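Residues per chain, in single letters:
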Amino acid sequence: MIEKSVIDMKFERHVVLVEPEVPWNTGNIGRTCLGVGAYLHLIKPLGFSLGNREVKRAGLDYWYKVKLCVWDNFEHFHREMTPEREEIAIFTKNGANSHWSMPSPERLFLVFGSETKGLPETILSKYEHVTYHIPITPDIRCLNLSTAVGIALYESLRVSSKK
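Attention in this report is confined to the structure presented alongside it. Every chain is numbered on its own, with residues counted from 1 as its sequence reads. Given that this is a predicted model, residues contribute local features only at a pLDDT of at least 70 and side-chain atom pairs are listed and counted only at 80 or more, while totals for whole chains, interfaces and linings are drawn from all residues. Hydrogens are left out, water is left out, and the side-chain values use all remaining heavy atoms of the structure.

1. Quick word on the nonpolar core
Our working rule: Take the buried residues of types Ala, Val, Leu, Ile, Met, Phe, Trp, Tyr and Cys, join any two whose side-chain atoms come within 4.5 Å, and each joined set is a nonpolar core. Burial classes follow relative accessibility: with a 1.4 Å probe on protein chains only, a residue under 20% of its type's maximum area counts as buried, one over 50% as exposed, and anything between as partly exposed. A run of DSSP states H or I qualifies as a helix once it reaches four residues; a run of E qualifies as a strand once it reaches two. Both are numbered from the N-terminal end. Working rule for contacts: check all heavy atoms of both residues, and any pair within 4.5 Å makes them a contact.
Val15, Leu17, Leu40, Phe74, Ile90, Phe91 and Phe112 are the most contacted members of the largest nonpolar core, which has 41 residues in total. Breaking this core down by element, the ones donating at least two residues are strand 1 (12–18), helix 1 (23–36), strand 2 (39–43), helix 3 (74–81), strand 4 (88–91), strand 6 (107–112), helix 4 (121–126) and helix 5 (145–161). The dominant element in this core, judged by the number of residues it contributes, is helix 5, at six residues. Residues in contact with Leu40, not counting those within four places in the same chain, are Val15, Leu17, Thr26, Ile29, Gly30, Cys33, Trp63, Val66, Lys67, Leu68 and Cys69.

As structure tokens, this is what we get:
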């Protein structure tokens, strides 16, 4: 069977970064989102300016093409985007479920916390039934945020393509 070289755009994906702190992670994530046709949502406060050259450098000359939305807070994002309960996957290193068991609806929001603080307890407690982790060995504390987003985003597309 020959793999498609272009992503099937029938699945709508949204990457949500809550209070990201590291500009080059956000730039890399933006480039990955653009590569699969996903939307990137940034929840304030941001630990950098979007005009930061490191964000643009990591996003290369693609940054201006990223489907980007910046929100004042998570509640504003949630109110405007109105994700259904089955359309949210919360990623945290202590998530109850493996990322291999995440849902595969046509529209899915993959939510990640900041590099040093993770997600606020208010979000974790509200969505405790849909928390996911990416398995790692005990040799490291966690994965880099842009690596974790890439793994989760591509896994969500792989699972959806099997429908």
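Back to the write-up after that little detour.
2. Section: the pairing of strand 1
Quick reminder of the rule: Strands are treated as partners if at least two bridges between them are detected by DSSP. Consider the strands pointing away from the viewer: the crossover is right-handed when the path from the first strand over the helix to the second runs clockwise.
Among the seven residues of strand 1, six are classified as buried, and the element is accordingly described as predominantly covered. Where strand 1 and strand 6 come together, six bridges link them in parallel fashion. By the bridge assignment for strand 6, Val16 is matched with Val111. Across five bridges, strand 1 lies against strand 2 in parallel orientation. Each residue of the ladder has a partner; that of His14, found in strand 2, is Tyr39. Viewed along the sheet, the connection from strand 1 through helix 1 into strand 2 turns out right-handed.

3. Things to note about helix 1
Selection criterion: The span expected for a helix works out to 1.5 Å for each residue beyond the first.
The end-to-end C-alpha separation of helix 1 is 20 Å, in line with the 20 Å expected for 14 residues at 1.5 Å each. Where helix 1 is concerned, the buried positions are Pro23, Asn25, Thr26, Gly27, Ile29, Gly30, Cys33 and Val36. At the exit of helix 1 stands Gly37, carrying a positive phi of roughly 80°.

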